[in-house]
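If you want the building blocks of each chain, they are given just below.
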Amino acid sequence: MGNILTAPRAGGRAGDHRLRLLEGMAAAVNEKGYAATTIADVVRHSRVSKRTFYEHFADREACFLACYAHGGELALSAVAAGAGARGPWPERVRAATRAYLAVLGARPALTRTLLVEVHAAGPRALALRRAVLQQFAGLLCELVEVGRRDHPRLPELTPAMSTALVGGINELVLSTVERNGADRLDQLEETIVRFVESVLHDGG
């Protein structure tokens, strides 16, 4: 499998059509579930033709994988931007958490695709899910190392602990989406912040 997370994006009208197809996939999956979603459903939500669909994607699975990767990129970028804000380490943790929850809450259909329906989409989707979670874990390690420059008493975050943190947060968000949808994700901010801080306790 190629690196769908960093594949180049077409510009202009072709790029607009591609984005509409990704959004259409998320909407269709949110409506019917991945197993029942057809290409006809995707193009109906995207308001493009089947011909346009096949200009961008070989099949339904390829479109779903691209949709998942797109959502992962949005969430990763939000976390990086939030953590990159100036300020004390606890404020940066909170900013990153708030940005992550906000980007998920603003896109409920895409969030359900990312967290719930990916489990029904087959082995390639699950492999992509693992790759995205590992990217989150790697980003978290990098952000902690940056934080340690200003707060040297912060403990080093190992890759294993970072993976555990990301997995725990993912499961917490997933359970909330399954129960209540994406509109209450902001209520998780305090829990996630306290969870991260309990692992990355600054002894200073």
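Residues numbered from 1 in each chain as written. Predicted model: local features only at pLDDT ≥ 70, side-chain atom pairs only at ≥ 80, totals over all residues. Heavy atoms only, no water.

Draft legend 1. The overall build of the protein, seen in detail. In terms of helices and strands, the protein carries nine helices and zero strands. Reading the secondary structure of the protein in the N-to-C direction produces α-α-α-α-α-α-α-α-α. In terms of principal-axis extent, the alpha carbons of the protein reach across some 60 × 35 × 30 Å. Burial analysis of the protein (204 residues in total) assigns 45% to the buried set. Restricting to contacts in the protein with at least 6 residues of sequence separation, those with at least 24 account for 70%. Accessible surface, the protein: about 10,400 Å² in total, of which carbon and sulfur atoms supply 53%. Across the protein, the centroid of the 25 positively charged side chains sits 4 Å from that of the 22 negatively charged ones. (Helix = DSSP H or I, 4+ residues; strand = E, 2+ residues; numbered from the N terminus. Buried < 20%, exposed > 50% of the residue type's maximum accessible area, 1.4 Å probe, protein only. Contact = heavy atoms within 4.5 Å. Areas by Shrake-Rupley, 256 points an atom, 1.4 Å probe, with all protein chains shown as cover. Lys, Arg positive; Asp, Glu negative; His and termini not counted. Charge placed at Lys NZ, Arg CZ, Asp CG, Glu CD.)

Draft legend 2. Geometry of empty space enclosed by the protein. In total, this model carries one cavity of 30 Å³ or more according to the counting rule given. Approximately 40 Å³ is the volume found for the largest cavity. In terms of lining, the largest cavity is formed by G71, L74, A75, V103, L104, R107, L110, T111 and L114. Broken down by secondary-structure element, the contributors of at least two residues to the lining of the largest cavity are α4 (60-83), α5 (89-105) and α6 (108-115). Looking at the lining of the largest cavity residue by residue, the class counts come to six nonpolar, two polar and one charged. (1 Å grid on protein atoms, 1.4 Å probe; cavity = no way out; pocket = protein on both sides within 12 Å on 5 of 7 lines; lining within 4 Å. Points joined across faces, edges and corners; volume = space filled by probe spheres on them. Nonpolar A, V, L, I, M, F, W, Y, C, P; charged D, E, K, R; others polar.)

Draft legend 3. Looking closely at the packing of α4 against α6. Following both chains from N to C, one finds α4 and α6 inclined at 110°, their axes separated by 9 Å at the closest point. Between α4 and α6, the interaxial angle falls into the category roughly perpendicular. In contact with F64, C67, Y68, H70, G71, G72 and L74 of α4, α6 contributes L110, T113 and L114. Tallied by class, the residues present in the contact of α4 with α6 amount to six nonpolar, four polar and no charged. (Axes fitted to C-alpha atoms, helices over the stretch in contact; angles between N-to-C directions. Parallel < 35°, antiparallel > 145°, perpendicular 65-115°, else oblique.)

Draft legend 4. Structural detail: the nonpolar core. Of all hydrophobic cores here, the largest spans 64 residues; its most connected members are F53, F64, Y100, F136, V173 and L185. Secondary structure elements with two or more residues in this core: α1 (12-32), α2 (39-46), α4, α5, α6, α7 (123-150), α8 (159-180) and α9 (189-199). The biggest single contributor to this core is α4, with twelve residues. Look past the residues within four positions of F64 in its chain and what remains in contact with it is M25, V29, Y34, T113, E117, V118, A121 and A125. (Core = buried A, V, L, I, M, F, W, Y, C linked by side-chain atoms within 4.5 Å.)

Draft legend 5. Representation of the packing of α5 against α9. In contact at an axis separation of 10 Å, α5 and α9 are set at 135° when each is read in the N-to-C sense. The orientation of α5 relative to α9 falls into the category oblique. In the crossing of α5 with α9, the sense of the turn from one axis to the other is right-handed. Judged by residue contacts, P90, V93, R94, T97, R98 and L101 of α5 engage E189, E190, I192, V193, V196 and E197 from α9. Taken together, the residues of the contact of α5 with α9 sort by class into six nonpolar, one polar and five charged. (Left-handed = near helix turned anticlockwise from the far one by under 90°.)

Draft legend 6. How the structure looks around the side chain of T52. In this structure, T52 sits in helix α3 (residues 50-56). When neighbours within four sequence positions are excluded, T52 is seen to be in contact with H17 and L21.

Draft legend 7. Representation of the environment of R194 within the structure. Positionally, R194 belongs in helix α9. Each C-alpha atom of the pair R194 and P88 lies 15 Å from the other, and the pair is 106 residues apart in sequence.

Draft legend 8. View of α2. Residues of α2 that are buried: I39, D41, V42, V43 and S46. Two residues or fewer past α2, R47 is found with a positive phi of approximately 60°.

Draft legend 9. Up close: the side chain of R129. For R129, the location among the structural elements is in helix α7. Take R129: its relative accessible area is 15%, and that puts it in the buried class. Setting aside residues up to four positions removed in sequence, R129 forms contacts with Y68, V118, H119, N170 and E171.

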